[in-house]
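Below, each chain spelled out in residue letters.
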Amino acid sequence: MSDFKWPKDKRLAMSIVVNVEEGSEYSVKEGDKGMEPVDELQVHLKKPMRNYGNESNYQYGINEGAPRIIKLLDKYQMPATWTAAALSLERAPQIAEAIRRRNDEACSHGYRWVFQFRMDENEERQFIKDAVTSIEKTTGKRPLGWLSRYLLTENTRRLLQEEGFLYHMDDYSADAPFWDAVQGSDEPMVIVPYALDSNDMKMWVAPSLTPDAWLKYAIDTFDVLYEEGAEQPRMMSLGLHLRIIGRPGRIGALEAFLKYVSEKPGVWFTTRQQIAETFQEQVPATSYVAKEQDGTAS
């Protein structure tokens, strides 16, 4: 049995995560050494040239994908965590305004959607500070969570902790929040794990995963976690991208999922910040320290 509970004894915390990366991806026009490697057509050259086609594909997410996603979230009154690259919100203030209007959470996805593992400690520290300052300016609230562009450094958690972050998302090891060690610090940090398998990015990197297949996978994931939630608190992460799920041929799969889960009793539709706060209130950091000292930290 777990040592914490969701509010009102809900059995599953449902976390909708909308990634906002468009407008801050790699491009030689930004002074980068090459083009953005993530492309639906998987066109990536090492030659330092602009990929105008892929740039327009990303812009589609801002122009068309975001309004469709926001419309559905409003229709089903579904809160969301927006893992946003700060520069993307600067360049698409209408999305920042939607986050404010909906009272959603803006979680930092970096200042730009670039790899921070290439940064030294001082560069990464400034990268984190710049993201905090920018997101607070565009949304009215500072971010308390962080999601890297997949790769991070041994300094990341400590720098986030020093900057006052509540939780870290760069973990895929569990279906519930937990405390974990911070290298170079005596204090642990709340981890709100993410999920890649149910992420709509699969429809780009594995094109055989059609919207129907993605929907079935997402519902199957929900059903298993919902069943397990009768005995222990479970959480589900559903990662979305403006330029991917926001396409006309895919948006229906998202609506079908939202309709399905909204009709299930005992589900807590919430943000990752609220998940982290709920866990932290019930499970003190000292519980992790005590386990760590007897060699059974987890």
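Only a predicted model underlies this, so the values are computations on that prediction, with no experimental measurement involved. (Residues numbered from 1 in each chain as written. Predicted model: local features only at pLDDT ≥ 70, side-chain atom pairs only at ≥ 80, totals over all residues. Heavy atoms only, no water.)

### Focus: the packing of helix 7 (residues 211-228) against helix 9 (residues 248-262)
For any two helices packed against each other, the geometry comes down to the angle between their axes and how far apart the axes lie. One way to put it is that helix 7 packs onto helix 9 with a least axis distance of 9 Å and a crossing angle of 20°. Regarding the angle of helix 7 to helix 9, the classification is roughly parallel. Here the hand of the crossing between helix 7 and helix 9 comes out right-handed. Contacts between helix 7 and helix 9 involve Pro-211, Trp-214, Leu-215, Ala-218, Ile-219, Phe-222 and Asp-223 from the former and Gly-249, Arg-250, Ala-253, Leu-254, Ala-256, Phe-257, Tyr-260 and Val-261 from the latter. In terms of residue class, the contact of helix 7 with helix 9 is built from twelve nonpolar, one polar and two charged. (Axes fitted to C-alpha atoms, helices over the stretch in contact; angles between N-to-C directions. Helix = DSSP H or I, 4+ residues; strand = E, 2+ residues; numbered from the N terminus. Parallel < 35°, antiparallel > 145°, perpendicular 65-115°, else oblique. Left-handed = near helix turned anticlockwise from the far one by under 90°. Contact = heavy atoms within 4.5 Å. Nonpolar A, V, L, I, M, F, W, Y, C, P; charged D, E, K, R; others polar.)

### Observations regarding the nonpolar core
Of all hydrophobic cores here, the largest spans 66 residues; its most connected members are Ile-16, Trp-82, Ile-95, Leu-238 and Phe-257. When sequence neighbours within four positions are dropped, the list of residues in contact with Trp-82 reads Val-18, Val-20, Ile-70, Leu-73, Ile-95, Ile-99, Asp-104, Glu-105, Ala-106, Cys-107 and Leu-242. By size, the runner-up hydrophobic cluster in this structure holds 21 residues, among which are Cys-107, Leu-166, Val-192 and Ala-276. (Core = buried A, V, L, I, M, F, W, Y, C linked by side-chain atoms within 4.5 Å. Buried < 20%, exposed > 50% of the residue type's maximum accessible area, 1.4 Å probe, protein only.)

### What to know about the packing of aromatic side chains
This structure, assessed with the given rule, holds 15 aromatic pairs. Residues Phe-4 and Phe-279 carry aromatic rings whose centres are separated by 5.2 Å and whose planes lie at 90° to one another, so their mutual orientation is edge-to-face. In this pair, Phe-4 is assigned in the segment before strand 1 (12-20) and Phe-279 in helix 10 (residues 272-282), connecting sequence segments 275 residues apart. Each member of the pair, Phe-4 as well as Phe-279, is classed as buried. Residues Tyr-58 and Trp-113 carry aromatic rings whose centres are separated by 6.3 Å and whose planes lie at 45° to one another, so their mutual orientation is tilted. Of the two residues, Tyr-58 is situated in helix 1 (residues 52-75) and Trp-113 in the loop between strand 3 (105-108) and helix 4 (121-139); the sequence distance between them amounts to 55 residues. Both residues of the pair, Tyr-58 and Trp-113, count as buried. (Phe/Tyr/Trp six-rings, centres within 6.5 Å; stacked < 30°, edge-to-face > 60°.)

### So, the pairing of strand 8 (residues 234-241)
In summary, the side chains of a regular strand alternate between the two faces of the sheet. Most of strand 8 sits out of view: eight of its eight residues are buried. Burial along strand 8 is two-sided: Arg-234, Met-236, Leu-238 and Leu-240 facing one way and Met-235, Ser-237, Gly-239 and His-241 facing the other are all buried. Inspection of the sheet shows strand 1 paired to strand 8 by eight bridges, in the parallel sense. Along strand 8, the bridge assignment pairs Asn-19 with His-241. (Pairing = 2+ DSSP bridges.)

### Observations regarding helix 9
Taking 1.5 Å as the rise per residue, helix 9 with 15 residues should run 21 Å; its terminal C-alpha atoms sit 22 Å apart, in good agreement. Every buried residue of helix 9 is listed here: Arg-250, Ile-251, Ala-253, Leu-254, Phe-257, Leu-258 and Val-261. Considered in projection along helix 9, the buried side chains sweep an arc of 155° and stay on one side of the axis. Along helix 9, the residues that are exposed and aim more than 90 degrees away from the buried face are Pro-248 and Gly-249. (Expected span 1.5 Å × (residues − 1). Arc of directions from axis to C-beta.)

### A word on the environment of Trp-6
You can see Trp-6 is positioned in the segment before strand 1. Remark: the alpha-carbon pair of Trp-6 and Tyr-52, spanning 46 residues in sequence, is separated by 46 Å. Residues in contact with Trp-6, not counting those within four places in the same chain, are Arg-11, Leu-12, Ala-13, Pro-177, Pro-233, Arg-234, Met-235, Trp-268, Ile-275 and Thr-278. A polar contact is formed between the side chain of Trp-6 and the backbone oxygen of Arg-234, at a distance of 3.0 Å. (Polar contact = N/O pair within 3.5 Å; in protein donor to acceptor, adjacent residues only side chain to side chain.)

### Here's the deal with the confidence of the model for the protein chain
Looking at the protein chain as a whole, its pLDDT mean stands at 95, while 96% of the residues score no less than 70. In this model residues 293-298 is a low-confidence stretch, pLDDT under 50, and it forms seven contacts with partners more than four residues away in sequence or in other chains. (pLDDT = per-residue confidence, 0-100.)

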